[in-house]
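# Examination of the molecular architecture
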Amino acid sequence: MEYLVLFLAFLFLGAIVFARGLWDDKKQRRRQREKLREAFGKRAVRTYADGEFHGIPRYFEKHRDGFFLDDITWNDLNLDEIFRQMNTTGSSAGQEYLYAMLRKPSFSEKELEEREKLMAYFTEHEEERLRLQLLYGQMGRTGKYSLYDYLDYLEDLGERKCGLQILLDLLFLPAVVLTGFSAQVGIVALVLLLICNISTYLKDKGAIEPYLISFRYILGAVSAAEKLCREKIPVLEPQQRALREILRQFQKLKREAKWGMRSMGGGENPIGVVMDYVNMIFHFDILAFNGMLHQVRSHVEEVDALLTITGRIDALIAAAGYRESLPGWCLPVFACGSAQEKGAGADMPCLVMKNMYHPLLAEPVKNDITACGGVLLTGSNASGKSTFLKAAALNAIFSQTIHACCADFYQGCFFRTMTSMALRDDLGSGESYYIVEIKSLKRILEAAAEPEVPVLCFVDEVLRGTNTVERIAASTQILKSLCRPGVCCFAATHDIELTGLLQKEYDNYHFEEEITDGDIHFPYRLMPGKAGSRNAIRLLSIMGYEEELIAAAEGLAEHFVKSGKWEDEVCWK
């Protein structure tokens, strides 16, 4: 009777602990749901683990086919920061796909419509979105390295044979039989086999243990895909059908994982400890690991397809949330109108944006632009030229990636967008700023020579790295070369001479400043025509430079404007 009472007491305590665990788990999921609900429609704020950001581009690097934003364009537009603000994904597959999606603009309206269908659904159906976000949270991240790094490591590991482990296991049978004839000889044989098996096991265990994380994530992705297939979400039916077909290839991997993914060494419970010793003697988990390795190496394409489909859904949920965080946005209209249609006589692609702004600005000033062929921007320092160029480029990229533009209206072609803006000396190769700049411009000229898809290019301060005379001469010819069918070029310059030299090829726009009561103000409004004011010398006065220096500079500049010659002595008379 006493034993029965004690047993019931233990059973009751166990039930309480189990119920408390369920309650805590439910409570944690409820908190996580609320956190995800509040985060949707807001910019991402998260800290990346040490080195994590270096692994995020790996999916993109494995799928670099076709056109993609090169490093110059990506860095010019600060797209790392855009990605960070957009990245509310819950999994490594999701964030790697999101990065690749931003770097590879789509040229298919059908593909963009499919993305829009999913993003609109996730925006409107909160409950279904939250279930998927919780699922991706369970799938988790790989940390410092991408799964594609681990897949490469598995490839380096090569195919592992099981012959030695099987032979050592089979030798136990004759050793046991031998004990029936000679106990002493049989026991010695068994001891020698145990020593050999354990030493071999410890060696193999150390070799394979670093690779287990790749299997854990693959199995996590398989589990997430299975749960995803069970979701009753009509819009995901095509993805679910594709996943079910892929998951058939991983049934053997799951069976092998029951042994191969056991915690090797250090079981958490008595049964686990016993199984660890069994593995040490018979190498069951090593055999299972080799089987898992073979399965993964035989189905690398299926693993990639699995990560692509699951990652794409996670990425589009994040993109949908980012769109909702914008103060205003519109769906793009893809209609490649041309200057010829407008009577300009040249088949130049057109781009139209109404109330367009830059998404990284807290209080942006919105501008309109209609560009057919070429736009030349002039204006003083800090007036808004560079920001305008970056905003226009980003919206063109957004239209072909997240299918949304930071504007009230956007219409344009499918573009290959390229920039040459925030360049710097390459100290590593010893190249000067000018060399870096002409290489950057050359890649745009080479792309413009390819007639496939229109080029949308943005150039800030053409050839600023050389002297005035050669800069103006070379800039004129480069910008004329970019005025050709299939190219829409935006260029900003301080060289007002270019507005006259390029007036037949480029429409002139400018930004201007306002100076009142000894202070300067920039309205950041795009105006038609070329800039009519200079403020560099005036800024010296506002900043407190000596009046004598300022008067000398103004005299020198005025003389050059009238005579076309520089004569320093004139300004002192």
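The numbers attached to residues start from 1 for each chain and follow its sequence in the written order. In view of the model being predicted, local features appear only for residues whose pLDDT reaches at least 70, and side-chain atom pairs are presented and counted only at 80 or more, with totals across whole chains, interfaces and linings using the full set of residues. Side-chain measures here rest on the full set of heavy atoms in the structure, leaving out hydrogens and waters.

A separate point is the overall build of the chain. Secondary structure elements are taken from DSSP: a helix is a run of H or I of four residues or more, a strand is a run of E of two residues or more, and numbering for both begins at the N terminus. Looking only at helices and strands, one finds 24 helices and 12 strands in the chain. Buried residues in the chain amount to 46% of all 573 residues. Any two residues whose heavy atoms approach within 4.5 Å at even a single point are treated as in contact. Within the chain, contacts between residues at least 6 apart in sequence are counted, and of these 75% link residues at least 24 apart. Accessible areas in this description were obtained via Shrake-Rupley with a 1.4 Å probe; residue shielding takes into account the shown protein chains only. For the chain, the accessible area works out to roughly 29,000 Å², and carbon and sulfur atoms hold 57% of it. Buried means the residue's accessible area, taken with a 1.4 Å probe over protein chains only, is under 20% of the maximum for its type, while exposed means over 50%, and partly exposed covers the values in between.

The next thing to look at is the packing of aromatic side chains. A pair of aromatic rings is counted whenever rings of Phe, Tyr or Trp (Trp by its six-membered ring) have centres within 6.5 Å, and the orientation is called stacked for planes under 30 degrees apart, edge-to-face for over 60 and tilted otherwise. For the structure on display, the rule yields 17 aromatic pairs. Put simply, the rings of Tyr48, Phe53, Phe60, Phe68, Trp74, Phe83 and Tyr99 pair up and form one aromatic cluster. Here, over-ring charges are defined by two tests on the NZ atom of lysine or the CZ atom of arginine: distance to the ring centre within 6 Å, and angle to the ring normal within 35 degrees. Sitting above the plane of the Tyr48 ring, Arg46 keeps its charged end 3.9 Å from the centroid. The ring centre of Phe40 lies 3.7 Å from the NZ or CZ of Arg129, which sits over that ring.

Right, let's get into the sheet that holds strand 3 (residues 367-372). Sheet strands associate in pairs through backbone hydrogen bonding, adopting either a parallel or an antiparallel arrangement. Here a strand pair is declared whenever DSSP counts at least two bridges between the two strands. Pairing is mixed in the open sheet, where 4 strands are placed in the order 1-5-2-3. The outermost strands of the open sheet, each flanked by one partner alone, are strand 1 (333-334) and strand 3. By the bridge criterion, 5 bridges tie strand 2 (residues 350-356) to strand 3 in an arrangement that is antiparallel. Looking across to strand 3, one finds that Met353 is bridged to Ile369. Only C-alpha atoms enter the line fits that serve as axes; for helices the fit covers just the stretch in contact. Angles between N-to-C directions range over 0 to 180 degrees. Helix 19 (residues 385-399) rests against strand 1, strand 2, strand 3 and strand 5 (409-412) of the sheet, and its axis sits at about 110° to strand 2.

Strand order in the open sheet formed by 6 strands is 6-7-8-4-9-12, and the pairing between neighbours is mixed. In this open sheet, the two strands that pair with only one neighbour each are strand 6 (416-420) and strand 12 (527-528). Sheet analysis places strand 6 next to strand 7 (residues 455-460), joined by 5 bridges and oriented parallel. Its bridge partner being in strand 7, Arg416 is matched across the sheet by Val455. This element, helix 19, spans strand 4 (374-379), strand 6, strand 7, strand 8 (487-492) and strand 9 (507-511) of the sheet and lies at about 160° to strand 7.

Right, let's talk about the state of the cysteines for a bit. Note that a disulfide, as used here, is simply two cysteine sulfur atoms within 2.5 Å. Applying the stated criterion to the full structure yields 1 disulfide. Covalently, Cys350 is tied to Cys372 through a disulfide, its sulfur atoms 2.0 Å apart. Disulfide Cys350-Cys372: the torsion about the S-S bond is 115°, which places it as right-handed. With Cys350 in strand 2 and Cys372 in strand 3, this pair connects stretches of sequence that are 22 residues apart. The pair Cys350 / Cys372 is uniform in exposure class, with both members buried. Of all cysteine sulfurs, the one in Cys489 lies closest to Cys457, which takes part in no disulfide; the gap is 3.5 Å. Here Cys483 is not cross-linked by a disulfide; its sulfur's nearest cysteine counterpart is in Cys489, at 8.5 Å.

Time to look at the side chain of Arg312. One can find Arg312 in helix 18 (residues 300-325). Contact partners of Arg312, with chain neighbours within four places excluded, come to Tyr97, Glu111, Glu114, Arg115, Leu118, Gln239 and Leu307.

Moving on, we get to the environment of Cys406. In this structure, Cys406 sits in the loop between helix 19 and strand 5. For Cys406 and Gly328, which are 78 residues apart along the polypeptide, the C-alpha to C-alpha distance reads 6.2 Å. With residues near it in sequence (within four places) discarded, Cys406 still touches Leu326, Gly328, Asn355, Met356, Tyr357, Pro359, Asn395 and Phe398.

As a further point, take the pattern of salt bridges. We define a salt bridge as a contact between a side-chain nitrogen of Lys or Arg and a carboxyl oxygen of Asp or Glu at a distance within 4 Å. Taken as a whole, this structure holds 19 salt bridges when the rule is applied. Note that Glu52 and Arg46 form a salt bridge whose closest N and O atoms lie 2.9 Å from each other. Given a relative accessible area of 4%, Glu52 falls into the buried group. Taking relative accessible area as the criterion, Arg46 reaches 25% and is therefore assigned partly exposed.

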